[in-house]
Amino acid sequence: MKIALASDHAGYQLKEGLKSYLSNFDVIDFGTDSPQSMDYPDTGFAAAEAVGKGECDKGILICGTGIGMSIVANKVIGVRAALCTSVTIAKLSREHNDANVLILPGRFMKIDEAKKIVDTWFSTEFDGGRHIRRLNKIKKYEDRR
Ligand code: RB5
């Protein structure tokens, strides 16, 4: 599985920690490459676009709160980005929303919690059923753009 990984400066440390943890995946790192201040839309959009275009299967984006990365990732057609602050929310974002981009809040999450969330997120399948109807509606509204 090909993973698009990106952060800004506030998510850099967590991104680097997860990069080594994700050694079983084919990880494409869209930056940033240092804790030097930068703008999250630049790395976030590029990584999310790789998922939207099907060049990567899933994405993980990290900024300080996770909010900026969520906003930018969800601008990309085909991306369903979910800000996950717990293992339960990560599980539900896969089961109910078929999230294909995981967003983490770098300034508010320790690496051990992030690893648990990542494990859960990758091992949880979409539930389908009634949720398909809802995702189809999102797609319909997306097609209006
Ligand atoms: C950077 O200071 C911070 O604004 C950014 O990481 C993120 O939290 C934005 O939503």
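See the structure printed just above.
These figures come from a predicted structure and were not determined experimentally.

### Here we look at helix α1 (residues 12-21)
Since the α-helix turns once every 3.6 residues, residues separated by three or four places project in the same direction.
Okay, step 1: Those residues of α1 lying buried are Tyr12, Leu14, Lys15 and Leu18. Projected down its long axis, α1 carries its buried residues within an arc of 155°, all on one side. Across α1 from its buried face, at more than 90 degrees, point the exposed residues Gln13 and Ser20.
Okay, step 2: Looking at the buried residues of α1, the elements they touch are β1 (2-7), β2 (26-29), β3 (58-63), β5 (101-105) and α5 (111-123).

### Notes on the nonpolar core
Okay, step 1: Counting 19 residues, the largest nonpolar core has Leu18, Ile60, Leu102, Leu104, Ile117, Val118 and Phe122 as its most contacted members.
Okay, step 2: Of all the secondary structure elements, the ones that give two or more residues to this core are β1, α1, β3, β5 and α5.
Okay, step 3: Residue contributions to this core peak at five residues, all from α5.
Okay, step 4: Each residue touching Leu102, except ones within four places of it in the same chain, is listed here: Gly59, Ile60, Leu61, Ala82, Cys84, Ile117, Val118 and Trp121.
Okay, step 5: In this structure, Ala48, Cys63, Val76 and Val101 belong to the second largest nonpolar core, which totals 17 residues.

### Observations regarding the site of the ligand
Okay, step 1: Taken together, the neighbourhood of the ligand is formed by Asp8, His9, Ala10, Tyr40, Cys63, Gly64, Thr65, Gly68 and Arg107.
Okay, step 2: Taking Gly64, its main chain carries an N or O atom lying 2.7 Å from an oxygen atom of the ligand.
Okay, step 3: At a separation of 2.9 Å, an oxygen atom of the ligand approaches a polar backbone atom of Thr65.
Okay, step 4: Coverage of the ligand by the protein chains reaches 70% of its 290 Å² of free accessible surface.

### A word on the environment of Phe122
Okay, step 1: Take Phe122: it is sitting in helix α5.
Okay, step 2: For the pair Phe122 and Lys15, spaced 107 residues apart in sequence, the C-alpha separation works out to 16 Å.
Okay, step 3: When sequence neighbours within four positions are dropped, the list of residues in contact with Phe122 reads Met1, Ile3, Leu22, Phe25, Lys58 and Ile60.

### As for the packing of helix α4 (residues 87-95) against α5
Okay, step 1: Relative to each other, α4 and α5 sit at 25°, their axes nearing to 8 Å. Judged by the angle between their axes, α4 and α5 are roughly parallel. By crossing handedness, the relation of α4 to α5 is classed as right-handed. Contacts from Val87, Ala90, Lys91, Ser93 and Arg94 in α4 reach Glu113, Lys116, Ile117, Thr120 and Trp121 in α5.
Okay, step 2: Here the residues of the contact of α4 with α5 are counted per class, giving four nonpolar, two polar and four charged.

### Comments concerning the sheet that holds strand β4 (residues 81-83)
Okay, step 1: Strand order across the open sheet formed by five strands is β2-β1-β3-β5-β4, with parallel pairing between neighbours. Looking at the sheet topology across the chains shown, the edges are occupied by β2 and β4. Taking each pair of neighbouring strands and ignoring which way they run, the sheet shows an average axis angle of 20°.
Okay, step 2: Bridging between β1 and β3 involves five bridges; their strand directions are parallel. Opposite Ala6, over in β3, you have Leu61 as the bridge partner.

The rules behind each value
Residues numbered from 1 in each chain as written. Predicted model: local features only at pLDDT ≥ 70, side-chain atom pairs only at ≥ 80, totals over all residues. Heavy atoms only, no water. Buried < 20%, exposed > 50% of the residue type's maximum accessible area, 1.4 Å probe, protein only. Helix = DSSP H or I, 4+ residues; strand = E, 2+ residues; numbered from the N terminus. Arc of directions from axis to C-beta. Contact = heavy atoms within 4.5 Å. Core = buried A, V, L, I, M, F, W, Y, C linked by side-chain atoms within 4.5 Å. Near = heavy atom within 4 Å. Polar contact = N/O pair within 3.5 Å; in protein donor to acceptor, adjacent residues only side chain to side chain. Areas by Shrake-Rupley, 256 points an atom, 1.4 Å probe, with all protein chains shown as cover. Axes fitted to C-alpha atoms, helices over the stretch in contact; angles between N-to-C directions. Parallel < 35°, antiparallel > 145°, perpendicular 65-115°, else oblique. Left-handed = near helix turned anticlockwise from the far one by under 90°. Nonpolar A, V, L, I, M, F, W, Y, C, P; charged D, E, K, R; others polar. Pairing = 2+ DSSP bridges.

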